[in-house]
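Structural features, examined
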Amino acid sequence: MVSRDIPILTMLSKTAVDAQTPTSSAGDVLIRCKGLCKSFGDLTVVHDLDLAITAGTCFGLLGPNGAGKSTTLRMILGQSPPSGGVLEVFGKDIRHHGRDIRARTGVVPQADTLDPDFSVIENITIYARYFGLRPDVMRHEIDELLNLVELSDRRHSRVSTLSGGMKRRLTIARALVNDPELLVLDEPTTGLDPQARHLVWALINGLKRSGKTIILTTHYLEEAERLCDNLVLIDHGYVVARGTTKELIATHCEKTVLEIRNTLDPLQKLTIQNAATRLEYSGDTTYAYADDPTALTTAIDRLGLEQVLHRHATLEDVFLRLTGRGMRD
C-alpha cells in the first residue's frame, strides 16, 4: 500500500498550541514515566511503571487481557489521572498540560468510532473542525490523507458500505488530521483479514519513516515483531520484560521450538523431555524448546512422530513463557 515515504503534512493553520511548543526531534525522549501507578480504591492496576519512549520510533506495549495496557494508555492520553509517579509527554506533566498534549496526539481506538451514516470525507471533516483548521487548508490536507490511505475514490461513500480494512485506514487518516507527533494505535488490525492487515502494516511503517512516534498495543505478536523498535511486556500491572524482539527472545527463550501435535504416551513424553531444555503443553500439543535441536530431532525421529513443526522461537513464545498459557478474562 505505501511504497513511498510519506510527506510530512504541513498543517500551517494549526492552533496556537503548536506555535508555543517545539517539535520533538529523533532521539528525544517523547514520553517519560517514572514510578507511574494507577489505583482504583484498594486495587492497584499499574505498579511503578518506568518507560522512556524515544521520538521517531514504534513502541510496543504488550500484555494479556487485564495486564494494565489500556489503563496505561488512558494515563498517557490524559484520560485518567495517575495515582502516583511521574508522567511527562513532550516534556510536559500530563496532570497540568493534558489539553496541549492531546492537541499533538492522534488516537486510533480499538473500537470503531466512525459515524456509519456519514460519508468518508464527512467523518474526517467533522473531526478536523475540532482542531480549528481553516477550510482551505482542511480541504487540502484531507485530500492528502485520503490519498495516503488509498480512499480517494471512496471519499463520498457512506462508512457503512466500507470493508473492515477500509474503516481502519479511514480511522488512521482521521487520527492524522492534526498532523500529530505522537500516534497511539490500540489494536489497529483486530478482526482484519491478512490482506487488510498487511496494508495497515505498510501504512504504519510509512508513518514511522515520516518521523511519527507510535505506541502500539496488539495481541498479534507477529505484528509487534514486524513494527516495533522496542517493547515492554506487562502483566498484572508490572513490567516483566523489556527490549527489542531479538533481545527478548535471546533472554527469555531457546532458539528452536518443535511443536509436536500428537498425544504422547508417558514413555514418549519422557524421551522428549530428556532431549529438550524444557516442555510446555497446550491441549494435545507439546512444545519442546532447545538451543541445539540435534538431540531433540533425533529423539522424535526414533519415536516415529510425524505431526511435528520445527521452527525458530518467536516473540509469542516469550509472551507465553512469561505470562502463561492459561486463559484470561
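The residue numbering used here restarts from 1 in each chain and proceeds along that chain's sequence as written. Where local features are concerned, this predicted model is filtered to residues with pLDDT of at least 70; where side-chain atom pairs are given and counted, the filter is 80 or more; whole-chain, interface and lining totals use all residues. Side-chain figures throughout are based on the complete set of non-hydrogen atoms in the structure, without hydrogens or water.

**Looking at the overall build of the chain**
Helix and strand counts for the chain come out as 12 helices and 14 strands. In terms of overall dimensions, the chain has a C-alpha envelope of 75 × 45 × 35 Å along the principal axes. For the chain, the proportion of its 329 residues judged to be buried stands at 51%. Pairs of residues are marked as contacts when any of their non-hydrogen atoms sit within 4.5 Å. Once local pairs closer than 6 in sequence are excluded, the contacts in the chain between residues at least 24 apart make up 72%. In this description a helix means any DSSP run of H or I spanning at least four residues, a strand means any run of E spanning at least two, and both kinds are numbered starting from the N terminus. A 1.4 Å probe rolled over the protein chains alone gives each residue an accessible area, and that area as a share of the maximum for its type sets the label: buried under 20%, exposed over 50%, partly exposed in between.

**A short note on the sheet that holds strand E8 (residues 213-217)**
Strand order in the open sheet formed by six strands is E6-E7-E8-E3-E9-E10, with mixed pairing between adjacent strands. Two strands lie at the open edges of the sheet, namely strand E6 (105-108) and strand E10 (238-243), each paired on one side alone. Within the sheet, the average angular offset between the axes of one strand and its neighbour, ignoring direction, is 15°. Note: strand E7 (residues 182-186) against E8, five bridges, orientation parallel. Paired with Leu-182 across the strands is Thr-213, a residue of E8. Those strands touched by helix H9 (residues 245-252) are strand E9 (230-235) and E10, and its axis lies near 110° from that of E10. Against the sheet, helix H12 (residues 315-323) engages strand E3 (58-62), E9 and E10, with an angle of about 25° to E9. Should DSSP find at least two bridges between two strands, the strands are regarded as paired. Helix axes are fitted to C-alpha atoms over the stretch in contact, other axes to C-alpha atoms as well, and angles between N-to-C directions run from 0 to 180 degrees.

**Brief notes about the pairing of strand E2 (residues 43-54)**
In summary, the side chains of a regular strand alternate between the two faces of the sheet. When strand E1 (residues 29-40) meets E2, the two strands line up antiparallel, connected through eight bridges. Bridge assignment links Val-29 to a residue of E2, and that residue is Thr-54. Count of turn residues in the E1/E2 antiparallel hairpin: two residues, of which Gly-41 carries a positive phi of about 65°.

**Here's the deal with unusual backbone geometry**
Even without being a glycine, Asp-179 presents a positive backbone phi close to 50°. Counting through the fold element by element, Asp-179 comes out in the loop between helix H6 (164-175) and E7. Take Asp-179: its relative accessible area is 11%, and that puts it in the buried class. Notably, His-236 is not glycine yet its phi reads approximately 55°, a positive angle. Examined against the element boundaries, His-236 turns out to sit in the loop between E9 and E10.

**Some thoughts on the packing of helix H4 (residues 120-129) against helix H5 (residues 135-148)**
H5 packs onto H4 with a crossing angle of 130° between their chain directions and a minimal axis gap of 11 Å. Here H4 is positioned oblique relative to H5, judged by the angle of their axes. The hand of the H4/H5 crossing is right-handed. Mapping the contact onto sequence places Val-120, Ile-121, Ile-124, Thr-125, Ala-128 and Arg-129 in H4 and Met-138, Ile-142 and Leu-146 in H5. Among the residues forming the contact of H4 with H5, the class breakdown is seven nonpolar, one polar and one charged. Roughly parallel means an angle under 35 degrees; roughly antiparallel means over 145; roughly perpendicular covers 65 to 115; every other angle is labelled oblique. Should the near helix be turned anticlockwise from the far one by less than a right angle, the crossing is termed left-handed; should it be turned clockwise, right-handed. Classification convention: Asp, Glu, Lys, Arg as charged; Ala, Val, Leu, Ile, Met, Phe, Trp, Tyr, Cys, Pro as nonpolar; all other residues, Gly among them, as polar.

**Concerning the pattern of salt bridges**
Salt bridge, as used here, is a side-chain nitrogen of Lys or Arg placed within 4 Å of a carboxyl oxygen of Asp or Glu. Going through the model one piece at a time under the given rule, you end up with 14 salt bridges. Two residues, Asp-100 and Lys-92, come together in a salt bridge whose shortest N-O distance is 3.6 Å. Arg-311 is paired through a salt bridge with Asp-317; the nearest N and O atoms lie 2.7 Å apart. For the pair Arg-311 and Asp-317, one class covers both residues: buried. Put simply, Glu-259, Arg-261, Arg-311 and Asp-317 are held in one network by salt bridges that share partners.

**What to know about the environment of Ile-126**
Within the fold, Ile-126 resides in helix H4. In this structure Ile-126 comes out as partly exposed when scored by relative accessible area, which is 30%. As a C-alpha pair, Ile-126 and Arg-174 span 48 residues in sequence and 9.6 Å in three-dimensional space.

**Things to note about the sheet that holds strand E12 (residues 278-282)**
In spatial order, the strands read E12-E13-E11-E14; together these four strands make up an open sheet with antiparallel pairing. Only two strands of the sheet have a single partner each, and these edge strands are E12 and strand E14 (308-312). Averaged over all pairs of adjacent strands, the angle between their axes in this sheet comes to 20°, without regard to strand direction. On top of the sheet, helix H11 (residues 294-303) reaches strand E11 (256-260), strand E13 (285-290) and E14; it is set at about 15° to E11, its chief contact.

**Considering H6**
Helix span, expected: 1.5 Å multiplied by one less than the number of residues in the helix. Along its 12 residues, H6 runs 17 Å from first to last C-alpha, staying within 8% of the 16 Å computed at 1.5 Å per residue. Counting buried positions along H6 yields nine of 12 residues, so the element is predominantly enclosed.

**What to know about the nonpolar core**
Only buried residues count toward a nonpolar core, which is a set of Ala, Val, Leu, Ile, Met, Phe, Trp, Tyr and Cys residues joined through side-chain atoms within 4.5 Å. Ranked by size, the top nonpolar core spans 54 residues in total, and within it Leu-170 and Leu-207 carry the most contacts. The leading source of residues in this core is helix H7 (residues 194-209), at six residues. In contact with Leu-170, not counting residues within four places along its chain, are Leu-114, Val-120, Ile-124, Leu-151, Val-159 and Leu-162. Of all hydrophobic cores here, the second largest spans 27 residues; its members include Leu-30, Cys-33, Leu-87 and Ile-94.

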